[in-house]
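# Examining the three-dimensional arrangement
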Amino acid sequence: MRISTSPAPRTSSRTARVVRGAAAAVTAPLLLLACSSTDEPSSAAAVTITDQWVKATDSGMSAAFGDLSNADDQPRTVVSATSPAAGRIELHEVVAESNGTKTMRPKPGGFTIPAHGTTRLRPGGDHIMFMGLNGPLRTGSETSVTLTFDDGSTATFTAQVRDFAGNQENYAPDHANGDSRTGAQTPAHDG
């Protein structure tokens, strides 16, 4: 009896090679992704906020403050923020002008929290600016704020609304980002 070799086993062998090749093509990027990941925490996992609060106001603008602490071995940077309390949020700094007045403006690059360090958000200094409030911020209430870091991770915290009468600065809008407002105005958050 003669056993013939038919194309069927060859086709099965060829099909098996094609299937193995396709599986390798699909699996290789996943293995590369797995190999490229690190055990380092995201910025959101490394940074905490304490003593957070928001200035009470009826309308206009307000600001959030607190202490951002970084437990990681590398600096972490907050690049933006959002909150249901405001239509727009900017990360601000306050700078002294040559005539002695203080002006708040968007902070280029955001807030960098040094490795194993703290960045303080304070009235008269760096702060999270709430613009176009969606309603009054009443003393004793709370609002959430979501921070976005330069690695794309996010962290949300809740801040209590408090009364505060403090600093007076002028607001210098960021015309480079297409803000069409002109001139300076006194901020509603007073700090």
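Since the model is a prediction, treat every value here as computed from it, not as a measurement. (Residues numbered from 1 in each chain as written. Predicted model: local features only at pLDDT ≥ 70, side-chain atom pairs only at ≥ 80, totals over all residues. Heavy atoms only, no water.)

### Quick look at the overall build of the protein chain
Put simply, the rule is: A run of H or I in DSSP counts as a helix once it spans at least four residues, and a run of E counts as a strand once it spans at least two, with each numbered from the N terminus. Per-residue accessibility, obtained with a 1.4 Å probe over protein chains only, is compared with the maximum for each type, and a residue is labelled buried under 20%, exposed over 50%, and partly exposed between these values. Only heavy atoms enter the contact rule, under which two residues are in contact if any of them lie within 4.5 Å. Throughout, the Shrake-Rupley method with a 1.4 Å probe supplies accessible areas, and for residues the shown protein chains are the sole cover considered.
Regarding its fold elements, the protein chain presents 2 helices and 11 strands. Starting at the N terminus, the α and β elements of the protein chain follow one another as α-α-β-β-β-β-β-β-β-β-β-β-β. Looking at the protein chain as a whole, 37% of its 191 residues qualify as buried. Long-range pairs, those at least 24 residues apart, make up 66% of the contacts in the protein chain with a sequence separation of at least 6. Taken as a whole, the protein chain presents about 10,800 Å² of accessible surface, with 53% of it coming from carbon and sulfur.

### Quick word on the packing of aromatic side chains
Centre-to-centre distance and the angle between the planes together describe a pair of aromatic rings. Let me state the cut-off plainly: Ring geometry is summarised as follows: Phe, Tyr and Trp rings, the Trp one being its six-membered ring, pair when their centres sit within 6.5 Å, and such pairs are stacked at plane angles under 30 degrees, edge-to-face over 60 and tilted between the two.
Applying the stated rule across the entire model yields 2 aromatic pairs. Between W53 and F65, the ring centres sit 4.6 Å apart and the planes meet at 35°, which makes this aromatic pair tilted. You can see W53 sitting in strand β1 (residues 47–55) and its partner F65 sitting in strand β2 (residues 61–70), a full 12 residues away along the chain. A relative accessible area of 10% means that W53 is categorised as buried.

### A look at the pairing of β2
To keep things clear, this is the line we draw: Each pair of strands is called paired provided DSSP finds at least two bridges between the two strands.
Across the 10 residues that make up β2, a large majority, 9, are buried. In this structure, β1 lies alongside β2, joined through 6 bridges in antiparallel fashion. What sits directly across from V54, in β2, is A64. Connecting β1 to the next strand, β2, in antiparallel fashion are 5 residues, including G60 with a positive phi near 85°. Across 4 bridges, the pairing between β2 and strand β8 (residues 127–133) is antiparallel. Bridging from a neighbouring strand, S62 pairs with F130 of β8. Summarising the sheet, β2 and strand β7 (residues 118–121) pair through 4 bridges and their orientation is antiparallel. The partner of D67 across the bridge, within β7, is R120.

### Observations regarding the pattern of salt bridges
Defined as follows: Any Lys or Arg side-chain nitrogen found within 4 Å of a carboxyl oxygen on Asp or Glu counts as a salt bridge.
Considering all chains together, one arrives at 8 salt bridges under this definition. We note a salt bridge from R138 to D58, for which the minimum N-O separation is 2.4 Å. Note that R138 is positioned in the loop between β8 and β9 (142–149) and D58 in the loop between β1 and β2, a separation of 80 residues in sequence. Residues D67 and R120 are paired through a salt bridge, measuring 3.7 Å at the closest nitrogen-oxygen approach. In this pair, D67 sits in strand β2 while R120 sits in strand β7, placing the two residues 53 residues apart along the sequence. Overall, the relative accessible area of 7% leaves D67 in the buried class. You can call R120 exposed: its relative accessible area is 53%. Through salt bridges with shared partners, one network takes in D67, R120 and R122.

### Some details on the nonpolar core
As a reminder, the rule being used: Within this scheme, the nonpolar core is defined by two criteria: the residues are buried Ala, Val, Leu, Ile, Met, Phe, Trp, Tyr or Cys, and they are joined through side-chain atoms within 4.5 Å.
Counting 26 residues, the largest nonpolar core has L68, V78, I128, F130 and L147 as the members making the most contacts within it. If one sorts the elements of this core by residue count, strand β10 (residues 154–162) sits on top with 4 residues. With 5 residues, the next largest nonpolar core counts M61, V94, M104 and M131 among its residues.

### Details of unusual backbone geometry
Despite not being glycine, D51 shows a phi value in the positive range, around 55°. Relative to the assigned elements, D51 resides in strand β1. Taking the relative accessible area as the measure of exposure, D51 reaches 53% and is therefore exposed. Phi at H116 takes a positive value of approximately 55°, unusual for a residue other than glycine. Along the polypeptide, H116 turns up in the loop between β6 (111–113) and β7.

### Describing the side chain of S153
Here is the rule: Counting of polar contacts relies on pairs of N or O atoms within 3.5 Å, with two restrictions inside protein: one atom must be capable of donating a hydrogen and the other of accepting it, and residues adjacent in sequence are counted only when both atoms are side-chain atoms.
With respect to the helices, strands and loops of the structure, S153 is situated in the loop between β9 and β10. In terms of polar contacts, S153 uses its side chain to reach the side chain of D151, at 2.6 Å. The contacts of S153, once residues within four sequence positions are left out, are S42, S43, A44, L147 and T148.

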